[in-house]
Amino acid sequence: MDIRAERTRALLRDAFEDLLEEEPFEAISVSEICARSTVRRATFYRHFEDKNAFFEWYLSTITDRFVSELSGNHDELGLREYVELMHRKLVDFLEMHRNWFMKTMGRNALAGSLDMIMEQVAIGVAQHVDAYAFENGFALDAEPEFISLFYTGGMVHTLRYWMLAGKPFPVDDLVEGSTEFLMRYVEGAVA
């Protein structure tokens, strides 16, 4: 992508984020995004088919950055430390993007974005569950991939509830409770 296209997309992204501070996604129009960004409508449509395509691009850029951050080398961490780190990173990510998360809840693109993030987390959790079981001589009663998918699915729904309910309990309780749940399962899942 050339520098002008990157600049145009950055202007559109910044304008969209500003507008999300003021109104929900459904109320924001392409005209508003263009007016706020000083990008002509014709230019917008050269880059994106419509507002939904723009939103999918917007989420994918945020998601890609976060997924690349998650995929760092965490082999030196034990299962508990890894899960706590991933959970805290996910909480931080959702807090940083709280506005779009709250105002776009239920949109297919958001669900797809969260799926991509959770897929990356699940891969790491599965690797750490497998290593933990091996190091401690556990014979798991389920495949590490299944355990990690079950855990990360629960993590997403718990985080969603936590944010929508206005954070009814401290984040430390959320992270530690979820981590303890996984640890008890893995340590009790000796065949």
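Described in the following lines is the structure provided in the data block. (Residues numbered from 1 in each chain as written. Predicted model: local features only at pLDDT ≥ 70, side-chain atom pairs only at ≥ 80, totals over all residues. Heavy atoms only, no water.)

## A look at the overall build of the protein chain
Argument step 1. Check the secondary structure of the protein chain and you find nine helices and zero strands.
Argument step 2. From first element to last, N terminus to C terminus, the protein chain shows the α and β order α-α-α-α-α-α-α-α-α.
Argument step 3. Taken along its principal axes, the extent of the C-alpha atoms in the protein chain is 65 × 40 × 25 Å.
Argument step 4. Counting across all 191 residues of the protein chain, residues that qualify as buried make up 42%.
Argument step 5. For the protein chain, the exposed surface amounts to about 10,300 Å²; the carbon and sulfur share of it is 52%.
Argument step 6. Here the protein chain carries 19 positive and 33 negative side-chain charges, and the mean point of each set is 12 Å from the other. (Helix = DSSP H or I, 4+ residues; strand = E, 2+ residues; numbered from the N terminus. Buried < 20%, exposed > 50% of the residue type's maximum accessible area, 1.4 Å probe, protein only. Areas by Shrake-Rupley, 256 points an atom, 1.4 Å probe, with all protein chains shown as cover. Lys, Arg positive; Asp, Glu negative; His and termini not counted. Charge placed at Lys NZ, Arg CZ, Asp CG, Glu CD.)

## Topic: the environment of Phe44
Argument step 1. In this fold, Phe44 is placed in helix 3 (residues 41–47).
Argument step 2. Through-space distance from the C-alpha of Phe44 to that of Ile33 is 9.0 Å; in sequence the pair is 11 residues apart.
Argument step 3. Those residues in contact with Phe44, other than ones at most four positions away along the chain, are Leu12, Val30, Cys34, Val39, Asp50, Lys51 and Phe54. (Contact = heavy atoms within 4.5 Å.)

## Overview of the pattern of salt bridges
Argument step 1. Tallied over the entire structure, the rule returns six salt bridges.
Argument step 2. Connected through shared salt-bridge partners, Arg80, Glu180 and Arg184 make up one network. (Salt bridge = Lys/Arg side-chain N within 4 Å of Asp/Glu carboxyl O.)

## Things to note about the side chain of His128
Argument step 1. Mapping His128 onto the fold places it in helix 7 (residues 108–135).
Argument step 2. With relative accessibility at 7%, the residue His128 sits in the buried group.
Argument step 3. Of the polar contacts made by the side chain of His128, one reaches the backbone oxygen of Gly124; its length is 2.9 Å. (Polar contact = N/O pair within 3.5 Å; in protein donor to acceptor, adjacent residues only side chain to side chain.)

## A closer look at unusual backbone geometry
Argument step 1. One non-glycine residue with positive phi stands out, namely Thr38, at about 60 degrees.
Argument step 2. Topologically, Thr38 is positioned in the loop between helix 2 (30–37) and helix 3.
Argument step 3. Judged by its relative accessible area of 69%, Thr38 is exposed.
Argument step 4. Here Lys167, not a glycine, exhibits a phi torsion of approximately 55 degrees, which is positive.
Argument step 5. Mapped onto the elements of the fold, Lys167 is located in the loop between helix 8 (144–164) and helix 9 (171–188).

## A few points about the packing of helix 4 (residues 51–70) against helix 5 (residues 79–96)
Argument step 1. Viewed as axis vectors pointing N to C, helix 4 and helix 5 meet at an angle of 160 degrees, and their least axial separation amounts to 11 Å. Looking at the two axes, helix 4 sits roughly antiparallel to helix 5. As for how helix 4 packs across helix 5, the hand of that crossing is right-handed. The segment helix 4 lies against helix 5, with Ile62, Phe66, Glu69 and Leu70 engaging Met86, Lys89, Leu90 and Phe93.
Argument step 2. Looking at the contact of helix 4 with helix 5 residue by residue, the class counts come to six nonpolar, no polar and two charged. (Axes fitted to C-alpha atoms, helices over the stretch in contact; angles between N-to-C directions. Parallel < 35°, antiparallel > 145°, perpendicular 65-115°, else oblique. Left-handed = near helix turned anticlockwise from the far one by under 90°. Nonpolar A, V, L, I, M, F, W, Y, C, P; charged D, E, K, R; others polar.)

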